Amino acid sequence: MTDTVIPTDAPPDSRFANDDLRPVPPEERRWTTYNFAALWVGMAHNIPSWTLASGLVALGMDWKQAVFTIAVANVIVLVPMLLTGHAGPKYGIPFPVLARASFGLRGANLPALIRAAVACCWFGIQTWIGGQGVFVLLGKVFGGWADASEIGGEPWTLWLCFVLFWALELAIIYRGMETLRRFENWAAPFVLVGAVVLLIWIAHKAGGLGPLLDQPSKHGWGPDFWPVFFPSLMGMIGFWATLSLNIPDFTRFGKGQRAQVWGQTLGLPTTMTAFALLSVLVTSGSQAVYGVPIWDPVELVARTDNVFGLLFALLTVLIATISVNIAANVVSPAYDLANLAPRFITFRRGALITGVVGVVIFPWKLTSTPELYIFTWLGVVGGLLGTVAGILIADYWIIRRTVLDVADLYRPGGRYWYRAGWNWRAVAAFAVGGVLAVGGSYSTVDAKGEKLGPFPTDGLLPVLKPLADYGWAVGLGAALVVYTGLMGLGRRNAVADVA
């Protein structure tokens, strides 16, 4: 199996192709191992990933168990990343075009739009979080920002930070993938240095690393730990489950398989684990200095009166949030929306649509009601994303053994046309995997007995409730098995008809 295949170009008159969806020519594939590693360093270093360990500690884990859980999760999610990413360097195609091989030329819009919807929501939320960080830090530098007159219940200065942050993100991605590559190259080490500087500052201020490191686990490593570990593991996997689908959007620019395999392996699990460890150490120091653990890095930095330190933190927050938001939440929907109507929507227009949708969903309301966001949005869609990943992996690796007819990925009536552009076997596998993954979705109750979330406490389908905490893995495994079985049955029937 060769490292790179020179693809047959898409038919020039195909209504399923445009310049952004066509295979990237081999001479334009310039991303190296460093570029992919830098991409992951840039995406992993953001405020939500910094606070991942805090959620696990709140569940009763000690810091070693929290870091261990995050490390294992990212090693696991790396596997589908590498499997789906393989098609990028080999054929130069993005995720929605790869999905055509399994779902059909028209059917590929189903997984593409699901992925795009998740990314649009994440884009809006990350932009709002980034705007809040800029607002808090600028308020410390200039003072009085929080006292500005309100619009829609928030200071107008906060809205200004949000809009400016939003515009800056779209300006960068509008210049294309090459600009993103160059931005990630220098953003990654800058943000890493910023995190280390924060650790040195708080350790010096605390005179050590603080008491959090000495706090024991509430569960130990015995039978009480594992019922907490496995659902937590699925949650940590779900953090990057989105990228396990659309990683070909990036690997299609890779010089070869070695670049994407080593770049992702060196970049994802190591960075996420190191970042989790940094967050634990810094938070432990904050507990020693301020008497309470402060997991939010923006809130922590805002407690200093050093103007230079505040400006450096402001720049770090800007770069870190832009780095993850553009790469993780704009590139995918830009391609996915282009796949919906290739003749009318280009990559740039898709990016602009993403930016608009990210505002229209009112991210400030989603973040103010986490039960709605976590249980209704992330929980359900996370299970569906695992289902799509199972189908893609089964089709590309088991059914086709990594061999694709690139021209037919763009040609109506070709081998990937199926029936009217839809492969019913992929849709059936998606339905089965989706029901098993999210059918048992349930809501918990708080100490007052009030329900947290929109689902019944015994699950939508009570018989499936035991599977709900493992939605991503259940969806991936079930869809992979069902799709492989249905495609194998279809082949046997075709042979029998010929005979």
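The structure under discussion appears in the preceding block.
What counts as what
- Residues numbered from 1 in each chain as written.
- Predicted model: local features only at pLDDT ≥ 70, side-chain atom pairs only at ≥ 80, totals over all residues.
- Heavy atoms only, no water.
- Salt bridge = Lys/Arg side-chain N within 4 Å of Asp/Glu carboxyl O.
- Buried < 20%, exposed > 50% of the residue type's maximum accessible area, 1.4 Å probe, protein only.
- Phe/Tyr/Trp six-rings, centres within 6.5 Å; stacked < 30°, edge-to-face > 60°.
- Helix = DSSP H or I, 4+ residues; strand = E, 2+ residues; numbered from the N terminus.
- Lys NZ or Arg CZ within 6 Å of the ring centre and 35° of its normal.
- 1 Å grid on protein atoms, 1.4 Å probe; cavity = no way out; pocket = protein on both sides within 12 Å on 5 of 7 lines; lining within 4 Å.
- Points joined across faces, edges and corners; volume = space filled by probe spheres on them.
- Nonpolar A, V, L, I, M, F, W, Y, C, P; charged D, E, K, R; others polar.
- Polar contact = N/O pair within 3.5 Å; in protein donor to acceptor, adjacent residues only side chain to side chain.
- Contact = heavy atoms within 4.5 Å.
- Patch = residues over 30% accessible without salt bridge, like charges linked within 9 Å, V, L, I, M, F, W, Y side chains within 5 Å.
- Areas by Shrake-Rupley, 256 points an atom, 1.4 Å probe, with all protein chains shown as cover.
- Disulfide = S-S within 2.5 Å.

## Quick word on the pattern of salt bridges
All told, the structure shown has six salt bridges when counted by the stated rule. For Asp395, the salt bridge goes to Arg400, with nearest N and O atoms at 2.9 Å. The residues Asp395 and Arg400 share a single accessibility class, namely buried. The partner of Arg415 in a salt bridge is Asp408, and the shortest N-O contact between them spans 3.4 Å. Arg415 sits in the exposed class, given a relative accessible area of 54%.

## Things to note about the packing of aromatic side chains
The way to describe two aromatic rings as a pair is by their centre distance and the angle between their planes. Evaluated as defined, the whole model comprises 15 aromatic pairs. Ring centres of Trp128 and Phe162 lie 5.3 Å apart, and the angle between their planes is 70°; this geometry places the pair in the edge-to-face category. Residue Trp128 is found in helix α7 (residues 109–142), and its partner Phe162 is found in helix α8 (residues 156–174); the two are separated by 34 residues along the sequence. Grouping residues by exposure puts Trp128 and Phe162 together as buried. An aromatic cluster is present here, built from Phe68, Trp221, Trp226, Phe229 and Phe230 joined pairwise through their rings. One cation-aromatic arrangement involves Arg303 over Tyr290; the distance from NZ or CZ to the ring centre is 4.8 Å. Above the plane of the ring of Tyr442 lies Lys465, whose end atom (NZ or CZ) is 4.8 Å from the centre.

## With respect to empty space enclosed by the protein
In this structure the tally under the stated criterion is one cavity of 30 Å³ or more. In this structure, the largest cavity encloses a volume near 100 Å³. Taken together, Asn46, Trp122, Gln126, Phe239, Trp240, Thr242, Leu243, Val324, Ala328 and Asn329 make up the lining of the largest cavity. With three residues, the top contributor of residues to the lining of the largest cavity is helix α15 (residues 307–329).

## Here we look at the layout of surface pockets
Rolling a probe over the atoms, with the probe sized like a water molecule, indicates the empty space that remains. The space that makes up the second largest pocket amounts to roughly 480 Å³. Gly194, Leu198, Val301, Phe312 and Ala313 are the residues nearest the centre of the second largest pocket, which is lined by 24 residues in total. Sorting the residues of the lining of the second largest pocket by element identifies α2 (47–50), α9 (177–206), α14 (297–301) and α15 as the ones contributing at least two each. Among the residues forming the lining of the second largest pocket, the class breakdown is 16 nonpolar, eight polar and no charged.

## Describing unusual backbone geometry
Positive phi, normally seen in glycine, also occurs at Thr402, with a value near 70°. Judged by relative accessible area, which is 2%, Thr402 ranks as buried. Positioned with a positive phi, Ala420 is a non-glycine residue whose angle comes to about 55°. With respect to the secondary-structure elements, Ala420 resides in the loop between α19 (370–399) and α20 (424–438).

## Quick look at the side chain of Asn329
Looking at the secondary structure, you find Asn329 in helix α15. Exposure remark for Asn329: the relative accessible area of 5% places this residue in the buried category. Separated by 2.7 Å, the side chains of Asn329 and Asn325 make a polar contact. In contact with Asn329, not counting residues within four places along its chain, are Ala119, Trp122, Phe123, Gln126, Val324 and Thr354.

## Quick word on a nonpolar patch on the surface
There is a patch of nonpolar side chains on the surface, built from Phe68, Trp221, Trp226, Phe230 and Tyr470 and spanning about 480 Å² of accessible area. Within the element layout of this structure, Trp221 appears in the loop between α9 and α10 (226–239). A residue is classified by how much of its surface remains accessible, and Trp221, at 46% relative accessible area, is partly exposed.

## Points about the state of the cysteines
Tallied over the full model, the rule gives zero disulfides. Cys121 supplies the cysteine sulfur nearest to Cys120, a cysteine that is in no disulfide, at a spacing of 7.2 Å. Note on Cys120: relative accessible area 6%, which makes it buried. For Cys121, a relative accessible area of 9% corresponds to the buried category.

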